[in-house]
Amino acid sequence: MEQGGSFVNRIGIMLDWGIMQKGIKGDKSYERLPYYVEIGKELGLEPVFFHPRHVLAGDERVQGYFWNGHRLVSRLVHIPKVIHNRVLTGDQKARAVISRLSRKKTVFNGLVVRDKRKVHQMLWKNEQIRPYLPNTVPYSGEQLRQFLDKYQVVYVKPSIGSVGIGVARIERHGSDYHFIASKKRKVMSRPELLAAVRRWVGNKRFLIQRGIPLARYGGKTFDIRVSVQKNRERDWTVSGMVAKVANSKNKLSNLSRGGRAVPFSEAVSTLFTPEQQAQTVQRINDAAVAIAKQYGRHFPSLADLGMDIGIDEKGNPYLIEVNVRDQRYSFFKAGEKAMFKQTYRHPMEYALTLIEEQKLRKKHAAQYLRLHG
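Analysis parameters
Residues numbered from 1 in each chain as written. Predicted model: local features only at pLDDT ≥ 70, side-chain atom pairs only at ≥ 80, totals over all residues. Heavy atoms only, no water. Buried < 20%, exposed > 50% of the residue type's maximum accessible area, 1.4 Å probe, protein only. Helix = DSSP H or I, 4+ residues; strand = E, 2+ residues; numbered from the N terminus. Contact = heavy atoms within 4.5 Å. Salt bridge = Lys/Arg side-chain N within 4 Å of Asp/Glu carboxyl O.

As for helix α2 (residues 33-43)
Because each turn of an α-helix spans 3.6 residues, side chains separated by three or four positions in sequence point in the same direction.
Reasoning step 1: All of the buried residues along α2 are L33, Y35, Y36, V37, I39, G40 and L43.
Reasoning step 2: Summarising the contacts, the buried residues of α2 are in contact with β1 (9-14), α1 (17-25), β2 (45-50), β3 (61-67), β4 (72-78) and α10 (337-372).
Reasoning step 3: At the exit of α2 stands G44, carrying a positive phi of roughly 75°.

Regarding the pattern of salt bridges
Reasoning step 1: Under the counting rule described, the total for this entry stands at 21 salt bridges.
Reasoning step 2: A salt bridge links R86 to E31, with the shortest nitrogen-to-oxygen separation between them at 2.8 Å. Remark: E31 occurs in the loop between α1 and α2 and R86 occurs in the loop between β5 (82-85) and α3 (92-104); sequence separation between them is 55 residues.
Reasoning step 3: Exposure remark for R86: the relative accessible area of 3% places this residue in the buried category.
Reasoning step 4: What makes E31 buried here is its relative accessible area of 3%.

Some words on the environment of I13
Reasoning step 1: Note on placement: I13 falls in strand β1.
Reasoning step 2: According to the relative accessible area criterion, I13 is buried, its value standing at 0%.
Reasoning step 3: Taking the C-alpha atoms as reference, I13 lies 5.9 Å from V48; in sequence the two are 35 residues apart.
Reasoning step 4: Here I13 is in contact with Y36, P47, V48, F49, F50, H84, R86 and M348, once residues within four sequence places are set aside.

Structure (structure tokens):
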């Protein structure tokens, strides 16, 4: 039997299998499970943690897990009507479950197209956000030659991928080219470079993207992780910004690739006057919200995004990429605890709004039946 009062609003939090296993053992991961519980208590929500594999046949019940203050403990419960999807590495089976649940329940941040080329095309349709999009095309030898003629810095990156894996940066220095990737750094002639990139790409789908002349902090380039989420009012809002400073060896700012996180205010304080800093923050904010709205037009379930945005020396923002499952960890690493917590609060508040809307619809339907039934 299901325990606990039926008057408790439950929210499903769907997590990666590995994260669930850590939680069951009481080990820490990038997901702060106590935050969900703490914020949930304030909002009158009880989080039920599970992986798609925990869903029982028929999609009505789930082997759910509840945080007991130290670890996750299991209990068979009904699947909550509203679910926040935080699954990063879904296999086909997991994706099939998420897809089915999305038809029967309200799953936000459900399955979306993550192919960077397709995302770029969706965003490009909106003229208002074109100025934020660096020139991006599918990889071909011919396109690469054109980009190398046109730009000093070019990126070659997988169409589908994350945390900087498979990304190569190419810098032109006179007639030499520097090929920089996570474990590689070579100086080559143009013919050598073209052959090296051909091998690097192989038969996978890659993109070529213009490298933005990024602003620098302490002599190193940085970009900004911007958390953009739907709030209590269902509006897209920026929950926080943090600077990710590139590792000088591979020029990547991903924390898993040697980058480091610092407060955004610290990174820009050396570049701009206080007035210019405020303008820069506003520009980034406007760009992030406009991009989220456009992406959301194609995928209405979206509610929680992590964007990597670069700024040039004048503070103009450019989108590097959109992450559909932001690990939010950079806020913690930069010591931005309030922002870190805010990135948990907004999705929970949004979930509460969805639950309240469902109850209201149910009430109206019941009233209608009483009057007209």
